[in-house]
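Each chain, written out:
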Protein chains: 2
Amino acid sequence: MSEEFKRTEIESLGEFKLIERINEKFKLKNKSSIIGIGDDAAVLNFDDKQIVVSSDILLEGVHFDLSYAPLPHLGYKAVSVNVSDIAAMNAIPTQITVNISISNRFSVEAVDALYEGINHACEDYNVDLVGGDTTASKEGLVISITAIGKADAKDITLRNGAGKNDIICVTGDLGAAYLGLQVLEREKQVFLSNPEMQPELDRYSYIVQRQLKPEAKTNIIHELRELNIKPTSMIDVSDGLASEVLHLAKSSNCGMVVYEDKLPVDDESFKTAEEFNMNIVTCALNGGEDYELLFTIQQDDFEKLKNHSNIHTIGYVTDSKSGNKLVTRSGTVAELKAQGWKHF
Amino acid sequence: MSEEFKRTEIESLGEFKLIERINEKFKLKNKSSIIGIGDDAAVLNFDDKQIVVSSDILLEGVHFDLSYAPLPHLGYKAVSVNVSDIAAMNAIPTQITVNISISNRFSVEAVDALYEGINHACEDYNVDLVGGDTTASKEGLVISITAIGKADAKDITLRNGAGKNDIICVTGDLGAAYLGLQVLEREKQVFLSNPEMQPELDRYSYIVQRQLKPEAKTNIIHELRELNIKPTSMIDVSDGLASEVLHLAKSSNCGMVVYEDKLPVDDESFKTAEEFNMNIVTCALNGGEDYELLFTIQQDDFEKLKNHSNIHTIGYVTDSKSGNKLVTRSGTVAELKAQGWKHF
């Protein structure tokens, strides 16, 4: 067996050695990380900052499919999903804890690959891995991550602050991760029916990347600070834009109007939607897993970011009586609805 | 079907309603909990305190067996396990986040029962549930909890501070949870071979309770503050006393001597060990899941707690050259070894 496919059984290493092996690859970077892994708990210090905490759990077969998700990408994505929630509070992520449960189907090398992605994400987001738990599972892989971030109290942005006439903004583009998933699922079916077929993914590299290795928009938080803009409300786009718009509107007790022709969509997403005979607007509104930031700003702040290449204004805030509306390309006004995704 | 056994499918409620149902039962109690569940992340404020964070994951079939663990007890235990790690830092627990994954085998009422135990623990430990994630699993129940606590920087106690001639202390009693597990496993086998048999647990109520619904020793942390004692090192007893003594010795670069006849054991544990033909000392040293606190104090502090009914002195600290020793009842000195538990 070649070195490339070396397989070491986790049992042969033991739990403590496995944890040591993981830990030695992680170094603390943040001043707020006083003690990391190795004691009963991590110790953090934020002086006069407020702390934000968010936690998510991902299960094999429910949230990810290892037949097309490479382990380093999966590790990266698991961190992104949580860091995105910290960014959605207008806060700076600083630490994560990672709990994983793995069956003996996985080798030590597989665990290494997963943590390689986690480490890569820690570098990109400048966060420290400060704790966690590694245990056996009867089958499959479970990843549960808690992310911690900091912000001055005055900067923290909740979902409930949108006011009438505020402008609705979204970062990046929408629907790509969902369309990437369609491509991956199709190629998986092709492969299952004929294992000699190799997946054709070159033409879909952007949307596949958006599905497998999404990036949290922490850079936008730093840019908003520099532009001296505090959003009036903010949420990250995990369940689909429409669902998140409705969340902001409900929390802020207002209505929202979104323009179909303002929804940012990448060219590759557009072409793939055509190929799959899907409506690109439906994909952009309900696709989910975009991990973009959706936020509202006061009109006075509009000038400061109207030329920002990666922030798009897609509508405006009305009062709650007016409800939530989608203005179509043809000018028709329809009720904005979320299809959402049912986990249960 | 009677009201008592009402079963509501989670699917009929949906994810958002299920989360709402859970959340409305939890109220924030701590000044440091600024924003709890309901936004992208929780917001906390600790002023000039340091923060400690610990995280654990528990899986059905690996860490617990629902054939004898009632769901409220399991919820309580999952919180205790994490809060115990915070106490082991000599810190006060303040918040938890709870991620659960459940299959459609579980009803809404089952989720309610689990959170009833979590809520009960939050009351007992005065911690706030401030976030988490609820998702589907393909099968089985997964609970992943992150606990957060606070302490003045000067109070935080690590594993690495034990010094020569310090006194080794342990709270409560040892081995009970392990023996409780033996009883539960035996009764399960009896039940499986004859479902008409009802389990006989009355005689084992203490040790069964210690297995199913252990309590973290947060009260000891408050008492140590009042006695003006700062332990020189501390750890909680999760894998068995011997294993934890070795952890403290290794981290503190010292040796430790433990006296067999000083190990605190409850009468019910003693009798049950006899009944099972087990060595009670082995159970006390290696049983695990005690969730007691093991710590070292300076000799000067001994007078302050020598009459404490729930803290027992079990040995003393030597130098690293002397190794770790167990002095048996007959006066023989043996090497102290940890049998430990292999998860993998």
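This one's a predicted model, so the numbers in the text were calculated from it and none came from an experiment.

Taken together, the contact pairs 66 residues of chain A with 66 residues of chain B. For the chain A and chain B pair, buried surface summed over both sides reaches about 5,100 Å², with 57% attributable to carbon and sulfur atoms. Joining chain A to chain B, the criterion identifies four salt bridges. Among the ionic pairs, Arg-159 of chain B bridges to Asp-40 of chain A, the shortest N-O distance being 3.4 Å. Inspection of the chain A/chain B interface yields 20 residue pairs in polar contact (both at pLDDT 80 or more). No other element matches strand β3 (residues 50-59) of chain A, which puts nine residues into the side of chain A that touches chain B. When grouped by side-chain class, the residues that make up the side of chain A that touches chain B number 30 nonpolar, 18 polar and 18 charged. Where strand β2 (residues 42-44) of chain A lies against strand β3 (residues 50-59) of chain B, three bridges are found, and the strand directions are antiparallel. Across the sheet, Leu-44 of chain A pairs through a bridge with Ile-51 of chain B, a residue of β3 of chain B.

All names here are of chain A. Buried residues of helix α2 (residues 15-23): Glu-15, Leu-18 and Ile-22, and no others. All buried residues of α2 lie within an arc of 65 degrees about the axis, which places them on one face of the element. Those residues of α2 that are buried lie in contact with α1 (10-13), α4 (108-125) and β5 (128-136).

Moving on to the relation of the copies chain A and chain B. If you rotate chain A by 180 degrees and push it 0.0 Å along the axis, it lands on chain B with an RMSD of 0.0 Å. As the rotation angle and translation indicate, the two copies are arranged about a two-fold axis. Comparing interface residues between copies, 100% of those in chain A also sit at the interface in chain B, which points to an isologous, same-surface contact.

Right, let's get into the pairing of strand β8 (residues 233-236) of chain A. Residues and elements named next belong to chain A. Here β8 shows no split at all, with Ser-233 and Ile-235 on one side and Met-234 and Asp-236 on the other all buried. Note that β8 and strand β10 (residues 293-297) share four bridges and pair antiparallel. Residue pairing across strands places Asp-236 opposite Leu-293, the latter belonging to β10.

Right, let's talk about the packing of aromatic side chains for a bit. Scanning the entire structure with this criterion turns up four aromatic pairs over all chains. Arranged with centres 5.9 Å apart and planes meeting at 50 degrees, the rings of Tyr-76 of chain A and Tyr-125 of chain A form a pair that is tilted. Of this pair, Tyr-76 of chain A sits in helix α3 (residues 71-87) while Tyr-125 of chain A sits in helix α4, and the two are 49 residues apart along the sequence. Centroid distance Tyr-259 of chain B to Tyr-316 of chain B: 6.3 Å. Interplanar angle 35 degrees. Geometry classified as tilted.

What counts, and at which threshold
Residues numbered from 1 in each chain as written. Chains lettered and ligands numbered in written order. Predicted model: local features only at pLDDT ≥ 70, side-chain atom pairs only at ≥ 80, totals over all residues. Heavy atoms only, no water. Contact = heavy atoms within 4.5 Å. Buried area = accessible area lost by both parts, 1.4 Å probe. Salt bridge = Lys/Arg side-chain N within 4 Å of Asp/Glu carboxyl O. Polar contact = N/O pair within 3.5 Å; in protein donor to acceptor, adjacent residues only side chain to side chain. Helix = DSSP H or I, 4+ residues; strand = E, 2+ residues; numbered from the N terminus. Nonpolar A, V, L, I, M, F, W, Y, C, P; charged D, E, K, R; others polar. Pairing = 2+ DSSP bridges. Buried < 20%, exposed > 50% of the residue type's maximum accessible area, 1.4 Å probe, protein only. Arc of directions from axis to C-beta. Least-squares fit on C-alpha atoms with pLDDT ≥ 70 in both. Phe/Tyr/Trp six-rings, centres within 6.5 Å; stacked < 30°, edge-to-face > 60°.

Treat this as a map of the structure, not an account of what it does.
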